[in-house]
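Below, each chain spelled out in residue letters.
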Amino acid sequence: MCQSIAKGGKRCATHLRAIYENTRKNYLGKADSQRTSGDYNDMFINTKLFAATKKGQQEITRDIQEYGNGQDREIVEILKDALAYG
């Protein structure tokens, strides 16, 4: 459950999941040559925010395993970095 701004304003996994998933779909929907630094930045920051939740850590770890099977090595590195910083 999200916290009120008076208590710090942390977002819950439910709200952050939708942002993470939309960012991930946008990132993966582009060819490597079409991805910009802004796309990378959005992917990293939104993943890091989601990784700050217990549920987010679990789901991102699962995604790392899924994408680690050769689909997209670049996203695996972003997910690992964001998980470490989240």
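The structure displayed is predicted, hence computed values, not measured ones.

Asker: Can you walk me through the overall build of the protein in this structure?
Answerer: Across its full length, the protein holds four helices and zero strands. Going from N to C terminus, the protein has its helices and strands arranged as α-α-α-α. The proportion of buried residues among the 86 residues of the protein is 33%. Expressed as a percentage of contacts within the protein between residues at least 6 apart in sequence, the contacts between residues at least 24 apart total 56%.

Asker: Any chance you could explain the pattern of salt bridges here in plain terms?
Answerer: Between side chains of opposite charge, a pair can form as their charged atoms come close. Going through the model one piece at a time under the given rule, you end up with seven salt bridges. Arg24 is the partner of Asp63 in a salt bridge, and the nearest nitrogen-oxygen pair spans 3.0 Å. In this pair, Asp63 is assigned in helix α3 (residues 54–67) and Arg24 in helix α1 (residues 13–28), connecting sequence segments 39 residues apart. Note on accessibility: Asp63 and Arg24 belong to one class, buried. Three or more residues are tied together by salt bridges with common partners; here these are Arg24, Arg62 and Asp63.

Cut-off values and rules
Residues numbered from 1 in each chain as written. Predicted model: local features only at pLDDT ≥ 70, side-chain atom pairs only at ≥ 80, totals over all residues. Heavy atoms only, no water. Helix = DSSP H or I, 4+ residues; strand = E, 2+ residues; numbered from the N terminus. Buried < 20%, exposed > 50% of the residue type's maximum accessible area, 1.4 Å probe, protein only. Contact = heavy atoms within 4.5 Å. Salt bridge = Lys/Arg side-chain N within 4 Å of Asp/Glu carboxyl O.

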